[in-house]
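# Structural features, examined
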Amino acid sequence: MLEIKGLASFSPLGHLNEFRKDPLLFLSDLYQQYETIVSFRFAHRKIHLLLEPDLIKEVLVSKQNSFHKSKPFQEMKTLLGEGLLTSEDDFHLKQRRLIQPSFTKQHVQTYAEKMTMITEEFITSWDDEEERLTSRDMMELTLAIIAKNNV
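Residues numbered from 1 in each chain as written. Predicted model: local features only at pLDDT ≥ 70, side-chain atom pairs only at ≥ 80, totals over all residues. Heavy atoms only, no water.

## Digging into a nonpolar patch on the surface
Keep this limit in mind: Only residues whose relative accessible area exceeds 30% and that take part in no salt bridge are eligible for patches, with like-charged residues grouped when within 9 Å of each other and nonpolar side chains (Val, Leu, Ile, Met, Phe, Trp, Tyr) grouped when within 5 Å. Exposure was quantified through the Shrake-Rupley algorithm and a 1.4 Å probe, taking into account, for residues, occlusion by the shown protein chains and nothing else. Any carboxyl oxygen of Asp or Glu within 4 Å of a side-chain nitrogen of Lys or Arg constitutes a salt bridge here. Helix numbers and strand numbers start at the N terminus; a helix is a DSSP run of H or I with at least 4 residues, a strand a run of E with at least 2. Throughout, exposure labels follow a simple rule: accessible area from a 1.4 Å probe, protein chains only, divided by the maximum for the residue type, with under 20% read as buried, over 50% as exposed, and the rest as partly exposed.
Side chains of Phe73, Leu79, Leu80 and Leu85 sit close together on the surface and give an oily, nonpolar patch of about 420 Å² of accessible area. Along the chain, the position of phenylalanine 73 falls in helix α4 (residues 71–75). Take phenylalanine 73: its relative accessible area is 32%, and that puts it in the partly exposed class.

See the structure below:
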């Protein structure tokens, strides 16, 4: 049995504020501090984060039928429909196989080059030392990348 190490928090929001401040830093720190699995809280919801690539593969590939999406993901079906993000079991596998050809090493390399180019174009409009709302910027950048990669 694997040991799950818990990240303590006495805040009613758990680790949500830390995550909101800098999600990448929060997750990077967890990866540096813990070996396989770490648990933490976002308000009342307990989160278990797998850090070991072999465990991630086991959950997503080897034993995928043993794991099901959480209630919030199931509830998103009403809004998003039955797609790759919300589907499970055989239908999810069918969806994954349909999209899989778009994720070959060559395709991903092309996407990465396009994303880099779009990002560089995007940030050229920023002024030095200008305060930015990063959540809005990242949403706009994401939408720009999606729009330009789907034309």
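So much for the structure itself; the text now carries on.
## Structural notes on the sheet that holds strand β3 (residues 45–50)
Where we set the bar: Two strands qualify as a pair provided that DSSP identifies no fewer than 2 bridges between them.
If you walk across this open sheet you meet the 3 strands as β1-β2-β3, and the pairing is mixed. Each end of this open sheet is capped by a strand with a single partner; those strands are β1 (5–6) and β3. Pairing analysis gives 6 bridges linking strand β2 (residues 37–42) to β3, with the strands arranged antiparallel. Bridging across to β3, isoleucine 37 finds its partner in leucine 50.

## Comments concerning the nonpolar core
What counts here: Take the buried residues of types Ala, Val, Leu, Ile, Met, Phe, Trp, Tyr and Cys, join any two whose side-chain atoms come within 4.5 Å, and each joined set is a nonpolar core. Contacts are assigned to residue pairs with any non-hydrogen atoms lying within 4.5 Å of each other.
The biggest cluster of nonpolar side chains holds 6 residues, and these are Phe26, Leu30, Tyr34, Val38, Phe40 and Leu51. Once you skip the residues sitting within four places of it in the chain, leucine 30 turns out to touch Leu7, Val38, Phe40, Leu49 and Leu51.

## Description of the layout of surface pockets
Selection criterion: Cavities and pockets were defined on a 1 Å grid built from protein atoms only: a cavity is a group of points that admits a 1.4 Å probe but offers it no way out, a pocket is an open group of points flanked by protein on both sides within 12 Å along at least five of seven lines, and a lining residue is one with an atom within 4 Å of any such point. Grid points are joined across faces, edges and corners, and a volume is the space filled by probe spheres set on the points. All residues other than Ala, Val, Leu, Ile, Met, Phe, Trp, Tyr, Cys, Pro, Asp, Glu, Lys and Arg, Gly among them, are scored as polar; the first ten of these are nonpolar and the last four charged.
Computed from the structure, the largest pocket encloses a volume of approximately 1200 Å³. Of all the secondary-structure elements, those providing two or more residues to the lining of the largest pocket are β2, β3, α3 (53–62), α4 and α6 (89–99). In terms of residue count, α3 provides more of the lining of the largest pocket than any other element does, 6 residues in total. Within the lining of the largest pocket, the residues separate by chemical class into 16 nonpolar, 7 polar and 7 charged.

## Concerning the pattern of salt bridges
Tallied over the entire structure, the rule returns 6 salt bridges. A salt bridge links glutamate 58 to lysine 63; the shortest N-O distance between them is 3.2 Å. Looking at glutamate 58, the relative accessible area reads 30%, which means it is partly exposed. Overall, the relative accessible area of 43% leaves lysine 63 in the partly exposed class. For aspartate 137, the salt bridge identified is with arginine 132, shortest N-O distance 2.8 Å. Residue aspartate 137 is classed as buried on the basis of its relative accessible area of 1%. The class of arginine 132 is partly exposed, set by a relative accessible area of 30%. Look at the salt bridges and you will find they share partners, linking Glu130, Arg132 and Asp137 into a network.

## Here's the deal with the pairing of β2
Judged from the 2 bridges that link them, β1 and β2 form a sheet pairing that is parallel. Among the inter-strand pairings, lysine 5 is bridged to a residue of β2, identified as valine 38.

## A few points about the packing of aromatic side chains
We apply this condition: A pair of aromatic rings is counted whenever rings of Phe, Tyr or Trp (Trp by its six-membered ring) have centres within 6.5 Å, and the orientation is called stacked for planes under 30 degrees apart, edge-to-face for over 60 and tilted otherwise.
Per the counting criterion, the structure on display carries 6 aromatic pairs. Between phenylalanine 26 and phenylalanine 40, the ring centres sit 5.3 Å apart and the planes meet at 80°, which makes this aromatic pair edge-to-face. In this pair, phenylalanine 26 is assigned in helix α2 (residues 23–33) and phenylalanine 40 in strand β2, connecting sequence segments 14 residues apart. Pair check on accessibility: phenylalanine 26 and phenylalanine 40 agree, each one buried. Counting every residue linked through ring pairs, the aromatic cluster contains Phe19, Phe26, Phe40 and Phe42.

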